[in-house]
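Geometric and topological summary
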Amino acid sequence: MTSMFDQYEQASQRFKGTMGPTIRPEMSTTGFIHMKLEEEAPMFSKQKVNFSPTDRITHLAVSSELLVLTMANNVLLRIDLRHPDKPEEIELGKYMSHLKLSGVFLDPLGHHLLLSLSSRNTETPAELLYLSRKTSKLKQPSKFKGHEVTAVGWNFGNDSDGTTGPILLGTSKGLIFETEICLEGDRIFQSSLEQYWRQVFDIGKGNNTPITGLEFHRVPGSEKYFVLVTTPNRLYQFIGYVSNSDEKPLLQQIFNSYLTVPEGFQEIPSSLKYSKLQFYYPNAKGLPKTFAWLTEPGIFYGQLDTSGHDSVLTNSQLLQYIPPNSGAPIAFVITEFHALLLYADHVKGISLLNHELVFEDIYNESFGKLVNIVQDPIKGTLWAFTEKAVFRYKVSREERNVWQIYVEKGEFELAKQYCKDNPAHIDQVLVKQAEMFFNNKQYEKSAVHYAETQSSFEEIALKFLQVWQIEALKTFLKKKLEGLRIQDKTQITMIVIWVIELFLNQLGSLRDEGKENTTEYITLQKELDSFLARPQVIECVKNNKGTVYDLMASHGDKQNLIKLTIINKDFERVIRHHIYKNNYLEALDVLKSQNRKELFYAFAPSLMPFVPKQMVNALISQGRSLNPSSLIPALVTLDDDQAVEAIRYLEFCVNSLGCQQEAIHNFLLSLYARLKPENLMEYLALQGQDPNMVRYDIRYALRLCQERNLTEACVQLSALLGLWEAAVDLALSIDVNLAKMTASMPQNDPELRKKLWLKIAKHVVREKDDIQQAMQFLQQCELIKIEDILPFFSDFVTIDHFKDAICTSLQEYNQHIQDLKEEMEEATKSAQVIREEIQTFRNRYAFVQARDVCSICDLQLLMRPFYLFPCGHRFHSDCLLTELSPMLPSGKKNKLHDLQRQLAAFSSRDDNVSMGSATMSARDQVKADIDSIIASECLYCGEMMIRSIDRPFIEDEDYERVMKEWE
């Protein structure tokens, strides 16, 4: 049964608590009916914890479901809220003889607890106690004696239960220390609890200014840190970057930058001796979203924005106490939208958005005075405690009325976010937003938002008509159209016809004023085109063609009527109608306006004979979208007088589009042969002399040119087909120079080229009897000699005509014989030099001194068998073999391995001393073969080193192994 005290508490809470603002009648719409089936749960509901303390409660802290409280009898209770029936009791008595407990600080994960002890007199120094969650034994850090800790900045990035990580401690004298406290198993070369301890800043600059709040955070994804520190009348912020996270103290790098530059702070005059710094965390592991600082005039709060360089505080404002003369609270906490202020006998909840009192809870005197209110930074739970009881506050949908507050403030986008997909609330926000835009004469925006509401369609349309805002009305109608379903055909038809009527009225008025070429008319036309292209509108117009056509005809808008037929794919009927009426240009205009290639293929044959130039221009404008082969039926309809247009289109296809279709090239070639022979040779030259690269049918072209007696073209085409003799014969019938050019083409066949030149020479000598020109062939073709053309001359020609040529030929033979003699003499001299060098090398020697070392291992050369090269390099035989083996080709490498096995077999025999001469010679032969492989050239000076210049330092098969060794 609920006790009478509990019933009274609940009744007083309901009486004092202010309910959320009701839905305003003026914001309601006809689209929704507002009805409450049951009373909503209170936003903040209090529940007393089933706990009876043995003495007066002095301090309480909660983090990660771990509750720690201390009582006046020097007993500390540690309670795991997941197992509240197993509290852990720890005695503090032996530390309290001359000290008193002034602060309890629990880290966010509940692993580490710090107890601050202050002196009862000036003789006893303050102390600091540390308690780990893993133990029940209190430990006393030695470095903090004499410093009363008043605030702790925990390391939110630390998740270890053995060490606190770098943390900040603020004292009653304004000093900030950085330290790291570790248990025995986590210490590194340290006997004390503190891994390190360092004063990093002095807020008071020598004055005893107590620190009341302290917190630091690292910005995720960067090395940026910020520190917030409060005193009774100032809020400081320190921002900076930590270049080396392993350097300790960690945050000393940030504070050092403020030794020469004044730190930034917000000052609010206050006579209070205390203050509080609180934060709201949207999620457990992220940065805080909101900060709040308790001062005498009010709660100074705002948002945290880590993107700034000089400040992380933004949108800051002062929340004044309600009523203004109520004074400052003892403590407070903040949630996402509210601040809970704790006084001696009651708790107040004030909205952070509109600063209104939304909740008040009066406590019964039987529980004693209220001491403090705290918040679990990880779980977000709220705890208030009096001297004799502990209470837990349950927060239930505190954002329920936030959307209305944002509406009142004019922040409609935020209001929509907090409507929580409630259509009734969203509708009210949109209505208010639309009314605001309408009153501000922003009719377009008002229309957009009105269209999203459930307001009466007729009332909104009439509203815009009364102020004659046609553009806004069109926007409203189009937006309404977007929200209709497919089955709402009646509404769709009505809106579509209405919008088209509005557009046609506007366009007609501009035409009457002669503004058809103005930007206003063009923009309006584009809007109509865009509207008619909508899927809904297209379907509606298809079902109501007659009505829409009649509407456009009544406005005399032929241009849009034609466009509409295109949208409805009725253009074929329009084109055929124009052709039937002999309006070929109008038909071509319609054809060009819709850009459908199948229609070009269908109507080009009909239009080409009547408007050839315009039709070809249209075809050229289509570019690559048309297939030229499909247009040949239209081009062949042109007679000889009009064929110039066909040539123009075909030249466009070949030269501009790079068309490779054989039919197009054959057709163009036939037109050239028939109408423009002068362009034919230019076309053939552009196609080139490679039969595999030309795009026309060579045999077809040759037959066509033979029919037209185009001999020069026949010469080039015969050459393409490889009919060289026929090509030369045809060329000789026209021009000897053409024959020469043709005979010079087969560069890869000297015999054929010589044969063709002799044919030309024979023609010149016998047909033209031009001896001088025949002699010039000797200079023009290097393959022809005087003896080749002599048989072509008659027996009556005197030698005087050939004397110079014969002398030149004899001189060439004589020079060739002389060159051969000189080459033989040079070869004889080279052989003699080589024999002398071989003899010199046989007698060459070198000195090896005791201090000489191997060029590879740098050890004394005489220690092991070695090789000495003429270049001066010296190598141990085994060192040379090791370095040389990877560079040898696979064949030589295998042969070397076989020779080494044979040599090892000789060496392993027991009767080496008594071996015969045959065996010794075999062994010597094997060693000689090995020497011929590894000592054929110097490792550093020979060709093998040059050939290996592109070889990688690390082979592919050794890469992974070497990389692991380097790691």
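Keep in mind it's a predicted model, so treat the numbers as computed, not measured. Throughout, a residue's number is its position along its own chain's written sequence, starting from 1. Where totals are concerned, whole chains, interfaces and linings use all residues; where local detail is concerned, this predicted model gives features only for residues with pLDDT of at least 70, and gives and counts side-chain atom pairs only at 80 or more. Side-chain numbers here rest on the full set of heavy atoms in the structure, without hydrogens or water.

Low pLDDT marks regions whose predicted coordinates should not be analysed in detail. Looking at the protein chain, the pLDDT average stands at 82 and 86% of residues meet or exceed 70. Counting interchain partners and residues more than four positions distant, the pLDDT-below-50 stretch residues 1–8 has 5 contacts. Within the model, pLDDT remains below 50 along residues 910–916, and this stretch shows 4 contacts once partners closer than five positions in the same chain are excluded. The score called pLDDT rates the predictor's confidence residue by residue, from a low of 0 to a high of 100. The contact rule is simple, with two residues in contact once any of their heavy atoms fall within 4.5 Å.

Next up on the list: the packing of aromatic side chains. Stacked, tilted and edge-to-face are the three classes assigned to paired rings of Phe, Tyr and Trp, where Trp is represented by its six-membered ring and a pair needs centres within 6.5 Å; plane angles under 30 degrees give stacked, over 60 edge-to-face, the rest tilted. All told, the structure shown has 29 aromatic pairs when counted by the stated rule. Ring centres of phenylalanine 144 and tryptophan 197 lie 6.0 Å apart, and the angle between their planes is 90 degrees; on these two criteria the pair is classed as edge-to-face. Within this pair, whereas phenylalanine 144 is found in the loop between strand E8 (127–132) and strand E9 (149–153), its partner tryptophan 197 is found in strand E12 (residues 194–202), the two being separated by 53 residues in sequence. In this scheme, a residue with accessible area under 20% of its type's maximum is buried, one over 50% is exposed, and one in between is partly exposed, where area comes from a 1.4 Å probe on protein chains only. Residue class for tryptophan 197 comes out partly exposed when judged on its relative accessible area of 30%. Here the aromatic rings of phenylalanine 291 and phenylalanine 300 are separated by 5.9 Å at their centres, their planes lie at 55 degrees, and the arrangement is tilted. Of the two residues, phenylalanine 291 and phenylalanine 300, neither departs from the other in class, the shared state being buried. Feature note: the residues Phe438, Tyr443, Tyr450, Phe457, Phe464, Phe476 and Trp498 constitute an aromatic cluster, connected by ring pairs. Comment: the charge-over-ring label is applied if NZ (Lys) or CZ (Arg) is within 6 Å of the ring centre and within 35 degrees of the ring normal. The residue whose ring lies beneath lysine 46 is tyrosine 363, and the NZ or CZ to ring-centre distance is 3.8 Å. Above the face of the phenylalanine 265 ring, arginine 234 is positioned so that its terminal group lies 4.0 Å from the ring centre. The secondary structure listing takes helices from DSSP runs of H or I that are at least 4 residues long and strands from runs of E that are at least 2 residues long, numbered from the N terminus.

What follows deals with the sheet that holds strand E5 (residues 88–91). The antiparallel open sheet is built from 4 strands, whose spatial order is E2-E3-E4-E5. Every other strand in the sheet has two partners, leaving strand E2 (57–63) and E5 as the edge strands with one partner each. When the angles between neighbouring strand axes are averaged without regard to direction, this sheet yields 15 degrees. Here a strand pair is declared whenever DSSP counts at least two bridges between the two strands. For strand E4 (residues 75–80) and E5, the ladder comprises 4 bridges, and the chain directions are antiparallel. Each bridged residue has a counterpart across the sheet, and for arginine 78 the counterpart in E5 is glutamate 88. Axis lines are fitted to C-alpha atoms, over the contacting stretch for helices. Their N-to-C directions set the angle, which ranges from 0 to 180 degrees.

On to empty space enclosed by the protein, then. Lining residues are those with an atom within 4 Å of a point, where the points come from a 1 Å grid over the protein atoms alone and group into cavities, where a 1.4 Å probe fits but cannot get out, or pockets, open sets with protein on both sides within 12 Å along at least five of seven lines. Grid points are joined across faces, edges and corners, and a volume is the space filled by probe spheres set on the points. Under the defined criterion, the tally for this structure stands at 1 cavity of 30 Å³ or more. Roughly 40 Å³ of internal volume is contained in the largest cavity. For the lining of the largest cavity, the secondary-structure elements that each account for two or more residues are strand E3 (66–71), strand E7 (112–119) and E8. Under the grouping applied here, Gly and all other residues not named as nonpolar or charged are polar, the nonpolar ones being Ala, Val, Leu, Ile, Met, Phe, Trp, Tyr, Cys and Pro and the charged ones Asp, Glu, Lys and Arg. Partitioning the lining of the largest cavity into residue classes produces 5 nonpolar, 4 polar and 2 charged.

Moving on, we come to unusual backbone geometry. Here the amide bond leading from lysine 248 into proline 249 is cis, since omega sits at 0 degrees, within 30 degrees of zero. With respect to the secondary-structure elements, proline 249 resides in the loop between strand E15 (234–241) and helix H2 (252–256). Positive phi, close to 50 degrees, is recorded for serine 64, a residue that is not glycine. Non-glycine residue histidine 355 carries a positive phi angle of around 60 degrees. Considering the arrangement of structural elements, one finds histidine 355 in the loop between strand E23 (346–351) and strand E24 (357–362).

In this section: the sheet that holds E9. Sheets are built from strands that pair by backbone hydrogen bonding, the pairs being arranged parallel or antiparallel. Strand order in the open sheet formed by 4 strands is E9-E10-E11-E12, and the pairing between neighbours is antiparallel. Single-partner strands in this sheet number two, and they are E9 and E12. Direction aside, the axes of adjacent strands within the sheet are offset by 25 degrees on average.

A word on helix H15 (residues 584–594). Each α-helix winds once per 3.6 residues, and so residues spaced three or four apart point in a common direction. Three or more residues of H15 are buried, namely Tyr584, Ala587, Leu588, Val590, Leu591 and Gln594. Buried residues of H15, viewed axially, fall in a sector of 160 degrees; they line one side. A positive phi of about 55 degrees marks asparagine 595, the residue just after H15. As used here, the arc belongs to the directions running from the helix axis to the C-beta atoms.

It is worth spelling out the pairing of E3 at this point. Burial runs high along E3: 6 of the 6 residues are buried. Neither face of E3 is left uncovered, since the one carrying Leu66, Val68 and Thr70 and the one carrying Leu67, Leu69 and Met71 both have all their residues buried. As judged from the 6 bridges shared by E2 and E3, these two strands associate in the antiparallel manner. Looking at E3, one finds that valine 62 is bridged to leucine 67. With antiparallel pairing between neighbouring strands as the criterion, E2 and E3 make up a hairpin whose turn holds 2 residues, including serine 64 at a positive phi of roughly 50 degrees.

Across soluble globular proteins, nonpolar side chains have a tendency to be buried as a group. Counting residues in hydrophobic clusters, the biggest one holds 58 residues, and the most contacted among them are Leu607, Met615, Tyr696 and Leu717. With residues up to four places along the chain from it excluded, the contact list for leucine 607 reads Ile579, Tyr584, Ala587, Leu588, Leu591 and Met615. Counting 39 residues, the second-largest nonpolar core is a separate cluster that includes Ile492, Leu507, Leu532 and Cys540. We call a set of buried Ala, Val, Leu, Ile, Met, Phe, Trp, Tyr and Cys residues a nonpolar core when their side-chain atoms join them within 4.5 Å.

Below, the discussion takes up the pattern of salt bridges. When the charged atoms of two side chains with opposite charge come close together, those side chains can pair. Salt bridges, as used here, are contacts in which a Lys or Arg side-chain nitrogen is within 4 Å of a carboxyl oxygen on Asp or Glu. Going through the model one piece at a time under the given rule, you end up with 24 salt bridges. A salt bridge links aspartate 898 to arginine 901; the shortest N-O distance between them is 2.1 Å. Here the residue aspartate 898 and the residue arginine 901 both occupy positions in helix H31 (residues 890–908), the gap between them amounting to 3 residues, near one helical turn. Overall, aspartate 898 belongs to the partly exposed group, its relative accessible area being 34%. On the basis of relative accessibility, which here comes to 52%, the residue arginine 901 falls in the exposed class. Here the salt bridges do not stand alone but share partners, grouping Asp80, Arg82 and Arg133 into one network.

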